[in-house]
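# Structural overview for review
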Amino acid sequence: MGRGRGIDADGPVEPEETRRRGNDPDAVRVNEGDAGAGTRTGGDGSRAGGNLREERDRVGSEAGGGGAGRDADGWNLPTKYLPGVESRDLPEPLSLGKVVGASVVILATALGSGELIIWPYITSQVGIGLLWLAMVGFTMQYFLNMEIERYTLATGETAVTGFTRFWKPWGLIFVLGAILPNAWPGWATGGATLMTYVFGLAEGAVPVLAAIALVAFALALTLSPVVYQVLEKIQMVLVAVIVVFLITAIIIATDLGVWTGIVTQAPSGVANFPSFLGQLGIATLLGAIAFAGAGGANNLTQSNYVRDKGLGMGERMPKVVSPITGEEEARASLGYTFPITEENMRRWRGWWKVANQEQILVFYIIGLLTLLGLSVLTFTALGRETGVEGDFTFLQRVAAGLGDRIGTWFQYFYLIAGTVILFSTSLGVMDYVARLTASELKVSYFRRSERVTESRIYFAAAWLIAILGSLILLAGFQQPLVLLIISASGGGVVMALYSVMLIVLNTRALPQPIRLKGWRLYVMAVTAVFFLFFSVLLVYDVFMTNLFGG
C-alpha cells in the first residue's frame, strides 16, 4: 500500500494491550489533501494538543482551496473548511454487552414526543389504522441513524462535522435546527403538568416545578466528570421504569383485538390516508413521522453518543467533561482515517455488525413497541374521540379512562410513568442541544482556542437552556400540544436536509469498502425523497394558509 511506519524515539510507548486494541502509536499518517498523500511517520500518539492542532491546521491550509483529502485508500475528506486528518488503525471491536448504551440515550429522548403524545393523540382521532405509518417512520430513522453512525465509527467525527467539510455553514444550520424547535421547554412543562395531576397541585405550580427540573438537569449534566457516562446511567434507569410500566400495561389493560387491528386495519388506513391527511393536517402527520423515534436534529447526536461511548474511531476522540470536575481537552473533535488493510477491515466489519445489533435491539424494537403500546393503551382508554383538546389534558383524559377500566391505582401508574417519560425527554433534549452546539461551534469557530473548549461551550449551552426555559415558564407562558407538533414538523424539515447530506457524505467521503452503497443507498434515497416531499408540502400548506387563507 506504500504506507510508511516509523518510530519516534521521543514518543511514549503504549502497553501491549493498547496495541492489541488497535492503538498502534506507530500507525500514524497525515492525509494532506491535494498537497499529496505522502506518509508522515511518528509514534507520539499523545503529543501536546496545541502541536497536534497546529499540524492539522497546517495540513488543511496546504491542501488549499476546495481540495479534498483523497489518498490511495480512497478516503476523500474535503479540506477546504476543516484541516486534514491523521490515519491510525481502528480499535478492536467490542461485544454487544459493552456497546449497549448509545441508543438508550436517544431512545429516552424520543419517548416523550411521538411515543407518549403525538401518536397516541393521532390514534384517538383516526384510530389504529394509521399506525403502519409509525412503523415506516421508525424504519426510516433506523437507516438514518446507522448512516450517522457509519461516518463516526469510521472517522470519530460527528456527521455534522463531516457536512461542514463540504460547506462551513452546515454546522451552524444544524445547531439552529436543534435550538429553535426546542427553545420552548415543552417536555419539562409536560412532566411538571403530570406531576400536578398526580399530587393534586394547582396549575400555578407547573412553571415552578418545571424550572426546578431544568436547573436539576443542568446540574446533573455539568457537574459530571464525564457527562456521557452519567447521562447513560440516568437514562437507563428511566427507560427501565418505562419498560416495566409498559409490560404491565400491555398485560392488564389492552385487548388482543386492538393489537391485531394494527395489521387488519392497516389497509383501510392506507385507503383513508388522504382523508386522514385532511383531518389531521400536514404539520401533524409530518411531525408524527419525524418523531416516530427521535426526530429532528436529535438523530444527529447519535454521532456524539457513539463518539463519547468510545465506539469505533470514537475511542480516540476527546470526551465532553465538566469544566469543574473533569479534565478538559482543548483540542477540537477532528477525526482520523484508517488504512484499508485486511486487519482493519476485519475490525470494521465487527464494529458495523455490533452497532447494527445495538440499534435494532434498543432503538428499533424497544422504541417501536413502546410507541405501539402507548398508542394501543390510548385507544383502549378513549377509543376514537375526536375534538380532544390539544394540550396535556389529553394525557389526563387517557389516565382517567384507564382508571375507569382498570382502577384508580392504574390511573396514577400511568401519570407517574408519563412524568418519568417527559422528564427523561427533557433531560435528553437539554443534553443533545448542548452537545450538538458545543461540538460544531468548537470545530468550526474555536478550533485553535485553548480557552474555549467543547466542554465549556457545552456547560454554557446547557445552563442557557435551563435559565431561558425557566424565565419563559415563570413569565407565564403555556405549552399546548400544537406547539410540540410545530416543533416536530420543523424537525421533519431538518431531517430532509440531513438525509440528503448523509448520502453525499457517505458516498463521497468514505472509501469504497465501507461507503454507503447497494440496497441501503436505495433505502436512504427513498427516505430523503419522503422527507423532502412532505417538507415541501408543509411549506406550501403554511404559505397558502397564511397568504390566501386555505
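### Points about the nonpolar core
Grouped together as the largest cluster of nonpolar side chains are 149 residues, with contacts concentrated most on Phe 163, Tyr 414, Tyr 498 and Phe 531. Of all the elements, helix H16 (residues 342–382) adds the most residues to this core, at 17 residues. If we skip the residues at most four places from it in the chain, Phe 163 touches Trp 170, Phe 174, Leu 300, Tyr 498, Met 501, Leu 502 and Leu 505.

### As for the packing of aromatic side chains
The full count for this structure, using the stated rule, is 21 aromatic pairs. Look at Phe 163 and Phe 174: their rings are 5.5 Å apart centre to centre, the planes differ by 45°, and that puts the pair in the tilted class. Of this pair, Phe 163 sits in helix H6 (residues 159–166) while Phe 174 sits in helix H7 (residues 169–179); the two residues are 11 residues apart in sequence, bridging distant segments of the chain. Phe 174 gets classed as buried once you look at its relative accessible area, which sits at 1%. A centroid spacing of 5.9 Å and a plane angle of 15° characterise the contact between Trp 348 and Trp 352, whose relative ring orientation is stacked.

### A closer look at the environment of Thr 189
Position of Thr 189 relative to the elements: it lies in helix H8 (residues 186–199). A relative accessible area of 4% places Thr 189 in the buried class. When the C-alpha positions of Thr 189 and Leu 209 are compared, they lie 8.1 Å apart, and in sequence the two are 20 residues distant.

### Regarding the side chain of Ser 103
Note on placement: Ser 103 falls in helix H4 (residues 102–126). Residue Ser 103 is classed as buried on the basis of its relative accessible area, which comes to 0%. In terms of polar contacts, Ser 103 uses its side chain to reach the side chain of Glu 358, at 2.7 Å. The residues touching Ser 103, leaving out its near neighbours within four places in the chain, are Glu 149, Gln 302, Glu 358, Gln 359, Val 362 and Phe 363.

### Observations regarding the pattern of salt bridges
Side chains bearing opposite charge may pair, as long as their charged atoms lie close to each other. Per the counting criterion, the structure on display carries 12 salt bridges. Between Glu 92 and Arg 347 there is a salt bridge, with the nearest N and O atoms lying 3.1 Å from each other. With Glu 92 in the loop between strand S4 (86–87) and helix H3 (96–99) and Arg 347 in helix H16, this pair connects stretches of sequence that are 255 residues apart. Comparing Glu 92 with Arg 347, the two get one shared label, buried. Of the charged contacts in the structure, one is a salt bridge between Glu 157 and Arg 165, with a shortest N-O distance of 2.7 Å. Each member of the pair, Glu 157 together with Arg 165, is buried.

### Overview of the confidence of the model for the protein
Here the protein shows a mean pLDDT of 78. Residues at 70 or above account for 77%. Of all secondary-structure elements in the protein, the lowest mean pLDDT belongs to helix H1 (residues 16–20), at 41, while H6 reaches the highest, 94. Low pLDDT, under 50, characterises residues 1–30; the predicted model gives this stretch 80 contacts beyond four residues in sequence or across chains. Contacts for the low-pLDDT stretch residues 32–68, under 50 throughout, to residues beyond four places or in other chains number 84 contacts.

Cut-offs applied
Residues numbered from 1 in each chain as written. Predicted model: local features only at pLDDT ≥ 70, side-chain atom pairs only at ≥ 80, totals over all residues. Heavy atoms only, no water. Core = buried A, V, L, I, M, F, W, Y, C linked by side-chain atoms within 4.5 Å. Buried < 20%, exposed > 50% of the residue type's maximum accessible area, 1.4 Å probe, protein only. Helix = DSSP H or I, 4+ residues; strand = E, 2+ residues; numbered from the N terminus. Contact = heavy atoms within 4.5 Å. Phe/Tyr/Trp six-rings, centres within 6.5 Å; stacked < 30°, edge-to-face > 60°. Polar contact = N/O pair within 3.5 Å; in protein donor to acceptor, adjacent residues only side chain to side chain. Salt bridge = Lys/Arg side-chain N within 4 Å of Asp/Glu carboxyl O. pLDDT = per-residue confidence, 0-100.

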